[in-house]
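Letter by letter, the chains look like this.
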Amino acid sequence: MHGGIHVHSAPAAPTRPPPPRQLLPVPAHFTDRERDLASLDGLRGTGSPLIVVSGPAGIGKTTLVSKWLRSLSTEFPDGQLYADLRGHSAGGPVGPAEILAQFLRALGSGAPSTDAVELASMWRSLTADRRIAIMLDNSFTAAQIRPLLLGGPGGLVVVTSRRRLTGLRMQGAGFHQLDALGPAAGVELLTRGIGADRVAGELSSVHRLVALCAGLPLAVCLASARLATRPRQSVGALADALARNAGGGRLAALEVEGETSVRKALDASYAVLSSGTARLYRTLGLLPVRTFDATIAAASCGESQEWAERLDELVEANLVEDVGPESCRFHDLLRIHAHDRAQEDDTGAAREEALRRFCDWSLYTATAAQERLTPVQFTLPRTYAHRPDLLLPFDDDIAALGWLDAHRTHLMGAVRLAADSGWYDTSWMLVDALWPLFLRLRHYADWIEAHEIGLKAARQAGNREAERQMLNSGAIGLGAAGRTEDATAWYRDSLRAAREAGDVRDEGQALLGLGACHREAGRPADAVTHLNRAISVWEGCGYPRGAALARTTLGEIALATGAPDEAVDCFTRAHDAMVAVNDPHDAARALALLGRAVVRTGAYADGVARMNEALSVFTGSGAAFWQARTLEMLGVSAAEHGDATAAEVFLARALALFETTSPADALRLGGGG
């Protein structure tokens, strides 16, 4: 459940929505939560495509909706999505653009834009004919929800919020207010934790304890866990303790969404933890992460994986939630409590060490992934305050990229934390280590934000070489996101800095980037000038790979401006150089483009053979975007050759791949732009 976005079932072909079900009365004998489920069924039966479930913190909104949506899985064959909108987190609510981008990726479509309006339009188009259910958890305002609504009538959006969000009536929302548990339901919940015999023996105290928990399931569960760990303690003793600590207002928690009662229950549960588990609880409360596992726990505490297995104790004590395979999270109020306990019980030095260890673990593991995924990429040395001594969580390229993507929000949190804490070198090093994540998966918003932070950190650290590294890789992200003018400004800063430092390698990188920006802006003559300068600089300092990259771009310009013979020369030289430096991906890129240029010279069979050879490389490495590019070139070439059948097959395959890697190209190829 990393990143806050989860797909609960595999996509299937769109089908017609079922007819609305008849609204039935709720049987009188139902329990509190059975009544809630029946009420949701009733709202669903009216055909409402949007349902808001509201109630105070700790009331059980997420648990109720999750259970209900699981029961409806067959009605939504195209999948179920989940997003935590972080309405009450310390960092503030998450913006619609971030959620839309992640939803689009979850459904197999890239997000080429960072603009919320464009993303919302793409989202509505993609979901117009789909039968999917979406849970928007921890929502804050109606405005946060509206851009996330589906584009067609066959889906369902369920929102949970501590607020009523009545502004969504305009969107046809149905509303269900989740109330506190009644006395009987509270007693039943407590019974599950401590047993019927113990409840029967102190029934009066049990009722008093449930009342002191204000009907909040979270508070009842925590009180239950407290009693379960102390079988000799009477229920009455715990009830007395809660009453004494209520400050004269036993149910005042209802007016502030339950925090007072929950705080007392949390303190009671925390007090019975072993010292090591209590330390783990406090440390996790400090971290800038939404979810965590035993590895994060071990790294942040400076302990072994085995030591960190006490995370299971926190799950059993209902202090953290088990939300997936080897993944846990805090309830919002629990996170606040754990953080407060760390502030009260740990020294400033201990808190700083835990956070520094988390950042060093993030840097160490991301660097290992970078070394595996982009070994030919130039990187700067790494330094650590606490170098981790833990096994890496991946052993091949696919797993390394998967780890980077799954931990993306954690890693971005570490980038921000390091910068805010004054660990400037750690911050920019982390950004540098995330290069393969940005390059291959194109999370543009994170790419740009990380480099803005990394650039500032490098300057604050006084590291001019790191500053140029941030400028160059950040400019690539700006250009890829369509912000050509911003990218040009960053490359110009990099060029000035490289010349001041006498770093000809970085000078070539900046010139290459400026050439690409001029090409994108429709200034091919300026692009050629900068690219030729880059080649001259790189050949002068003995960097053949850089010169080959520039020649590849020169070849693309020549091909686009009707000079196929010139393009053949550029691509041939680029391909040979990439083979010599053992860069198979860029060698295949040059080969695919070379094949297209050869076709344009009239040698159809020879050109097609080269493109097919490149296609086999991309297929084997999983480079879906370049598979699509090559298939498109094969399709266009076949059409020019008069083979309409082959052209149709190639272009259909290209379109299918573009739909999952580059929606803009899919729109262009599909005739929509």
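Computed from a prediction, not measured in an experiment: that's the story for all the values here.

Q: Would you take a moment to explain the overall build of the protein chain for this structure?
A: Each helix and strand in the protein chain was counted, giving 32 helices and 9 strands. Going through the 673 residues of the protein chain one by one, you find that 52% of them count as buried. Pairs at least 24 apart in sequence give 66% of the contacts found in the protein chain among residues at least 6 apart. Here the protein chain has roughly 28600 Å² of accessible surface; of this, 52% comes from carbon and sulfur atoms.

Q: Which parts of the structure should I look at to understand the pairing of strand E5 (residues 156–161)?
A: Taking burial as the measure, the 6 residues of E5 include 6 buried ones, the bulk of the element. In this sheet, E5 lies alongside strand E4 (residues 133–139) in parallel orientation, the contact comprising 5 bridges. Residue pairing across strands places Leu-136 opposite Val-159, the latter belonging to E5.

Q: In this structure, what is going on with the pairing of strand E2 (residues 50–54)? I would like to understand it.
A: Of all 5 residues in E2, 5 are buried, a share of seventy percent or more. Side chains Leu-50, Val-52 and Ser-54 of E2 all project onto a buried face; the interleaved residues Ile-51 and Val-53 project onto the opposite face, where all are buried too. Both E2 and E5 contribute to a ladder of 5 bridges, which runs parallel. In the strand pairing of E5, Leu-50 is matched with Val-157. In this structure, E2 lies alongside strand E6 (residues 174–177), joined through 4 bridges in parallel fashion. Bridge pairing in E6 links Ile-51 to Gly-174.

Q: Explain the nonpolar core here, please?
A: In summary, soluble globular proteins display a tendency toward joint burial of nonpolar side chains. Counting residues in hydrophobic clusters, the biggest one holds 106 residues, and the most contacted among them are Tyr-281, Leu-284, Phe-292, Leu-314, Leu-319, Phe-358 and Leu-404. Element by element, the count of residues in this core is highest for helix H16 (residues 348–373), at 9 residues. In this view, Leu-404 contacts Ala-366, Ala-369, Leu-373, Leu-411, Leu-434, Pro-436 and Leu-437; residues no more than four positions away in its chain are not counted. Residues Leu-72, Tyr-82, Val-206 and Leu-242 belong to the second largest nonpolar core, which totals 41 residues.

Q: So what exactly am I meant to see when it comes to a negative patch on the surface here?
A: A cluster of acidic residues, Glu-306, Glu-309, Asp-312, Glu-313, Glu-316 and Asp-322, forms a negative patch at the surface. No other element matches the 3 residues that helix H14 (residues 311–316) contributes to the negative patch. Within the secondary structure, Glu-309 is located in the loop between helix H13 (294–301) and H14.

Q: Just checking my understanding: could you explain the side chain of Ser-300 for this structure?
A: Positionally, Ser-300 belongs in helix H13. Beyond its immediate sequence surroundings of up to four residues, Ser-300 is in contact with Thr-283, Leu-287, Ala-354, Arg-357 and Phe-358.

Q: I tried to follow the pattern of salt bridges on my own but got confused; where do I start?
A: Any two side chains of opposite charge can pair, so long as their charged atoms come close to each other. Under the definition given, this model contains 31 salt bridges. Note that Asp-405 and Arg-408 form a salt bridge whose closest N and O atoms lie 3.9 Å from each other. Judged by relative accessible area, which is 33%, Asp-405 ranks as partly exposed. With a closest N to O distance of 2.2 Å, Asp-493 and Arg-496 form a salt bridge. Remark: Arg-496 and Asp-493 occur in helix H23 (residues 484–501); sequence separation between them is 3 residues, near one turn of the helix. Linked by salt bridges that have partners in common, Arg-459, Arg-464, Glu-467 and Glu-500 make up one network.

Q: Teacher, can you tell me more about helix H28 (residues 584–600) here?
A: Think of an α-helix as 3.6 residues a turn; residues three or four steps apart then line up on the same face. The end-to-end C-alpha distance of H28 is 24 Å, a good match for the 24 Å that 17 residues give at a rise of 1.5 Å each. Here H28 lies mainly inside the structure; 14 of its 17 residues are buried. Where H28 terminates, the next one or two residues include Gly-602, which has phi positive at roughly 110°.

Q: In this structure, what is going on with the packing of aromatic side chains? I would like to understand it.
A: By convention here, two paired aromatic rings are described through the distance between centres and the angle between planes. The full count for this structure, using the stated rule, is 15 aromatic pairs. When the ring of Phe-618 is compared with that of Trp-626, the centres are 5.9 Å apart and the planes differ by 35°; the resulting orientation is tilted. For Phe-618, a relative accessible area of 0% translates into the label buried. Residues Phe-625 and Trp-626 carry aromatic rings whose centres are separated by 6.1 Å and whose planes lie at 85° to one another, so their mutual orientation is edge-to-face.

Q: I tried to follow the packing of helix H19 (residues 424–433) against helix H21 (residues 444–461) on my own but got confused; where do I start?
A: The relative placement of two packed helices is expressed as an angle between their axes plus a distance between the axes. The geometry of H19 relative to H21 is characterised by a closest axis approach of 8 Å and an angle of 140° between their N-to-C directions. When the axes of H19 and H21 are compared, the crossing they make is left-handed. Taking contact as the criterion, the partners of Tyr-424, Asp-425, Ser-427, Trp-428 and Val-431 in H19 are, on H21, Ala-450, His-451, Ile-453, Gly-454, Ala-457, Ala-458, Gln-460 and Ala-461. Residue composition of the contact of H19 with H21, grouped by class: 8 nonpolar, 4 polar and 1 charged.

Q: Looking at this model, I keep getting lost on helix H3 (residues 96–106). Mind explaining?
A: If you check which residues of H3 are buried, you get Ile-99, Leu-100, Ala-101, Gln-102, Phe-103 and Leu-104. Positive phi appears at Gly-108, one or two residues downstream of H3, with a value of about 85°.

Q: Mind showing me how you'd approach the packing of H21 against helix H22 (residues 464–480) here?
A: Between H21 and H22, whose axes approach to 9 Å, the crossing angle comes to 160°. On the basis of their axis angle, the class for H21 and H22 is roughly antiparallel. Like other packed secondary-structure pairs, H21 and H22 cross with a definite hand, here left-handed. Seen from H21, the contacting residues are Tyr-444, Trp-447, Ile-448, His-451, Gly-454, Leu-455, Ala-458 and Arg-459; seen from H22, they are Ala-466, Glu-467, Met-470, Leu-471, Ser-473, Gly-474, Ile-476, Gly-477, Leu-478 and Ala-480. Its residues placed into classes, the contact of H21 with H22 shows 11 nonpolar, 5 polar and 2 charged.

Q: Sorry if this is basic, but what is going on with the environment of Leu-314 here?
A: Tracing the chain through its elements places Leu-314 in helix H14. Classification of Leu-314 as buried rests on a relative accessible area of 0%. Residues within four places of Leu-314 in sequence aside, it is in contact with Leu-273, Thr-277, Leu-280, Tyr-281, Leu-284, Leu-319 and Val-320.

Q: Even after reading the chapter, I still don't get the side chain of Asp-78, so can you show me in this structure?
A: Mapping Asp-78 onto the fold places it in the loop between helix H2 (61–71) and strand E3 (80–84). Buried within the structure, Asp-78 lacks any salt-bridge partner; its nearest side chain of opposite charge belongs to Arg-130, at an N-O separation of 5.8 Å. At 2.6 Å, the side chain of Asp-78 forms a polar contact with the backbone nitrogen of Arg-131.

Q: Would you mind going over unusual backbone geometry with me for this structure?
A: A negative phi angle characterises most non-glycine residues, just as the trans form characterises most peptide bonds. One non-glycine residue, Asn-138, adopts positive backbone phi at about 55°. With respect to the element layout, Asn-138 can be found in strand E4. Of note, the phi angle at Leu-165 is positive, near 55°, even though the residue is not glycine. Considering the arrangement of structural elements, one finds Leu-165 in the loop between E5 and E6. Take Leu-165: its relative accessible area is 8%, and that puts it in the buried class.

Q: Looking at this model, I keep getting lost on the confidence of the model for the protein chain. Mind explaining?
A: Atom-level detail of predicted coordinates should not be read off regions where pLDDT is low. Confidence in the prediction of the protein chain, expressed as mean pLDDT, is 85, and 89% of residues score 70 or more. Across the protein chain, H19 holds the top mean pLDDT of 98, while strand E1 (residues 5–7) sits lowest at 47. Note that pLDDT drops below 50 for residues 1–30; the model gives that stretch 70 contacts with residues more than four away or on any other chain. Overall, residues 246–261 carries pLDDT values under 50, and its contacts beyond four positions in sequence, including any with other chains, amount to 21 contacts.

Cut-offs applied
Residues numbered from 1 in each chain as written. Predicted model: local features only at pLDDT ≥ 70, side-chain atom pairs only at ≥ 80, totals over all residues. Heavy atoms only, no water. Helix = DSSP H or I, 4+ residues; strand = E, 2+ residues; numbered from the N terminus. Buried < 20%, exposed > 50% of the residue type's maximum accessible area, 1.4 Å probe, protein only. Contact = heavy atoms within 4.5 Å. Areas by Shrake-Rupley, 256 points an atom, 1.4 Å probe, with all protein chains shown as cover. Pairing = 2+ DSSP bridges. Core = buried A, V, L, I, M, F, W, Y, C linked by side-chain atoms within 4.5 Å. Patch = residues over 30% accessible without salt bridge, like charges linked within 9 Å, V, L, I, M, F, W, Y side chains within 5 Å. Salt bridge = Lys/Arg side-chain N within 4 Å of Asp/Glu carboxyl O. Lys, Arg positive; Asp, Glu negative; His and termini not counted. Charge placed at Lys NZ, Arg CZ, Asp CG, Glu CD. Expected span 1.5 Å × (residues − 1). Phe/Tyr/Trp six-rings, centres within 6.5 Å; stacked < 30°, edge-to-face > 60°. Axes fitted to C-alpha atoms, helices over the stretch in contact; angles between N-to-C directions. Left-handed = near helix turned anticlockwise from the far one by under 90°. Nonpolar A, V, L, I, M, F, W, Y, C, P; charged D, E, K, R; others polar. Parallel < 35°, antiparallel > 145°, perpendicular 65-115°, else oblique. Polar contact = N/O pair within 3.5 Å; in protein donor to acceptor, adjacent residues only side chain to side chain. pLDDT = per-residue confidence, 0-100.

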